[in-house]
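# Inside the fold
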Amino acid sequence: MNLRGVFIEDTFAEAFTMRVARILITGRSARWAREAALNLTGFATSVIGCKCEAAIERELPLRESPDGRPGISVLFMTMGKDDMGKRLIERIGQTVLTCPTTACYDGLPEAPDRVGVGSALRHFGDGFQISKVVGGERFWRIPVMEGEFLVQEKFGMQKGVGGGNFLILARSADAALQAAEAAVDAMSSRTGVILPFPGGVVRSGSKVGSLRSKTMIASTNDAYCPTLRAVTTSALPEQVNSVLEIVINGTDAPAISAAMRAGIDAACRDGVLAISAGNYNGKLGPHHFHLREIMSGGEPV
Amino acid sequence: MSDGVVARLRQRLRQQADLGEILAGAWSGLRPSELAARPVHLEGAETVPLGELFDLSGEPAGRIRFEGDLARADRLAAGLAEGEVIVEGSVGAQAGLGMAGGTLRIHGSAGPLAGAAAPEARRGMTGGELIIRGSAGVEAGARMRRGLLAIGGKAEGHAGHAMIAGTILILGDAGPDAGLWSKRGSVVALGPIAIPATYRYACTYRPAHLELTLTRLRARYRFPVKKRHFVGWYRRYSGDLADLGKGEILEWTAK
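What follows covers the overall build of chain A. Along the backbone of chain A there are seven helices and 17 strands. With the C-alpha coordinates of chain A rotated into their principal frame, the extents come out at 65 × 45 × 30 Å. Relative to its full complement of 301 residues, chain A shows a buried share of 52%. Summarising the internal contacts of chain A: among those between residues at least 6 apart in sequence, 74% fall at separations of at least 24. With the model as given, the accessible surface of chain A reaches about 13500 Å², and the carbon-plus-sulfur share is 52%. For chain A, the separation between the mean place of its 32 positive charges and that of its 31 negative charges on side chains is 3 Å.

Further remarks concern the interface of chain A and chain B. As a measure of interface size, the accessible area lost when the parts come together is often cited. Listed per partner, the contact involves 19 residues of chain A and 19 residues of chain B. Applying the counting rule to chain A against chain B returns two salt bridges. Between Glu 211 of chain B and Arg 69 of chain A there is a salt bridge, with its nearest N and O atoms 3.8 Å apart. The tally of links from chain A across to chain B stands at nine residue pairs in polar contact (both at pLDDT 80 or more).

Further remarks concern the state of the cysteines. This model, assessed by the stated rule, comprises zero disulfides over all chains. Unpaired in this structure, Cys 50 of chain A has its nearest cysteine sulfur neighbour in Cys 52 of chain A, at a distance of 6.5 Å. A relative accessible area of 8% places Cys 50 of chain A in the buried class. Lacking any disulfide linkage, Cys 203 of chain B is separated from the closest cysteine sulfur, that of Cys 99 of chain A, by 19 Å. Here Cys 203 of chain B falls in the partly exposed class, since its relative accessible area comes to 29%.

Residues and elements named next belong to chain B. On the basis of which strands lie adjacent, the open sheet formed by 12 strands has the order S5-S1-S6-S8-S9-S10-S11-S12-S13-S16-S15-S14 and mixed pairing. Looking at which strands have only one partner, the edges of the open sheet turn out to be strand S5 (54-58) and strand S14 (200-205). Here the strands of the sheet are splayed against their neighbours by 15 degrees on average, with no regard to which way each runs. The pairing of strand S10 (residues 126-132) with strand S11 (residues 146-151) spans five bridges and is parallel. Residue pairing in the sheet places Glu 129 in a bridge with Leu 148 of S11. Sheet contacts for helix H3 (residues 208-221): strand S9 (103-106), S10, S11, strand S12 (167-170), strand S13 (186-189), strand S15 (233-239) and strand S16 (247-253); angle to S10, the most-contacted strand, approximately 60 degrees.

What follows deals with the pattern of salt bridges. All names here are of chain B. Per the counting criterion, the structure on display carries 25 salt bridges over all chains. Across the pair Arg 8 and Glu 67 runs a salt bridge whose closest N-O atoms are separated by 2.9 Å. A residue pair is termed long-range when its members are at least 10 positions apart, and Arg 8 in strand S1 (residues 5-9) and Glu 67 in strand S6 (residues 63-67) qualify at 59 residues. The class of Glu 67 is partly exposed, set by a relative accessible area of 22%. For Arg 65, the salt bridge goes to Glu 88, with nearest N and O atoms at 2.2 Å. Taken together, the positions of Arg 65 in strand S6 and Glu 88 in the loop between strand S8 (84-87) and S9 put the pair 23 residues apart, joining distant regions of the chain. Relative accessible area serves as the criterion here: at 25%, Arg 65 is assigned to the partly exposed category.

Parameters and conventions
Residues numbered from 1 in each chain as written. Chains lettered and ligands numbered in written order. Predicted model: local features only at pLDDT ≥ 70, side-chain atom pairs only at ≥ 80, totals over all residues. Heavy atoms only, no water. Helix = DSSP H or I, 4+ residues; strand = E, 2+ residues; numbered from the N terminus. Buried < 20%, exposed > 50% of the residue type's maximum accessible area, 1.4 Å probe, protein only. Contact = heavy atoms within 4.5 Å. Areas by Shrake-Rupley, 256 points an atom, 1.4 Å probe, with all protein chains shown as cover. Lys, Arg positive; Asp, Glu negative; His and termini not counted. Charge placed at Lys NZ, Arg CZ, Asp CG, Glu CD. Salt bridge = Lys/Arg side-chain N within 4 Å of Asp/Glu carboxyl O. Polar contact = N/O pair within 3.5 Å; in protein donor to acceptor, adjacent residues only side chain to side chain. Disulfide = S-S within 2.5 Å. Pairing = 2+ DSSP bridges. Axes fitted to C-alpha atoms, helices over the stretch in contact; angles between N-to-C directions.

Shown next as structure tokens:
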């Protein structure tokens, strides 16, 4: 399959089931809502080293903001149910509670799995905290030096998908970067999808394990490193001098599939030679995103 | 989807009618004929079935709408625990008395003791939302323990008397002695209010929980909240310091 002269490899991205929460952060202005969201999702690129994966999903239109103020929606993902509460309490406590003017709300009110967040953070109020029930949901007003921090008692959590991906194989580093930027632009602000890596782009795709160390759970994907073409079993076609990866997490497989379609379409441009994807031969993850099916309008397996 | 049950008053009430038993307990799944059998106590000790006073129609859908002049109907939605009750006009005394859940929306005004506690009870409303588009009589929300009571007009006086917790929001004049003897809870005054001497000023700020509540009131009930209520500031007074003192009065101010 070719798309505007770019070869679409007959392969698939292999993704995993994760747990996802949607966190809504509002603030006095868009600046402070975004500031809190950026801090909440900082150092959250991969569960391998960060224990969670998170990024901004989109800006909230005012009509969707729980309190009518400017807001940001964040998707927050962990591998297990138990991790979610710990990570949210740590991160919301350190990055949203501390951020001027912000409030923090659950964005998955229909999810049956609920994890206590405000119920733990309220103790920061040292007995001065106040509970409010609004619309059947409990919130905590925690007095802080600036005024009050409002946080919902419980946050919904559901199954999500992490690790959707595709690789951009380009003639040059500049071409790879331009294609990646175009793909990110096309995939950003889509409901149900996040790109957890810096600017949405990964330059250091990994393989499982290591060729040399038994303790390493991941190491550089040498088959796709152009500088190693002459010294390892390379997967790169000739003329490829740079590869960038886009990793996509989401609330469900169709959301990821739709984002991949938009991203790959945008990435197929001058200087890009092929689009590939990372997988483990189907042995590890239950969600398989076949590139050619996706670009033909099909749904993932 | 059905609009629920409609209860249309057959003719003007000639005496006070106690509707306190018609929506207590489970009712949202009852058909009009079943609701029609529930008792109404008329002034003078006569008891009649609801169907004798109201023409009931529609299908059960968790909602009942009352039409007609209910100014002489007392204790409507007392003990309400579920569903949505809509009153097209005004109601008598003790509407939503001790309600525990659900929603009571009164498009007109309410008499005394809306959302308050029954004489024999320690607590007023313990949950749900009581929305009065017009004014409320004396002691609205007295001894309420939880829930939201929103008043679009004025409150006659002693609103939130001895309230234990919950929120009372008043768009108009809050009347004298609002929040007196409260233990916890919030009296939110978007109009004029005389702060009781037993409350003490804390600060002027923007409470996020109030923006959440105002947004919900406007979106869900089209409650006539104004933009100035979102962009203004609120003076916080702690009280009642003659009691537990964990309550508050939030007084809107433009500056």
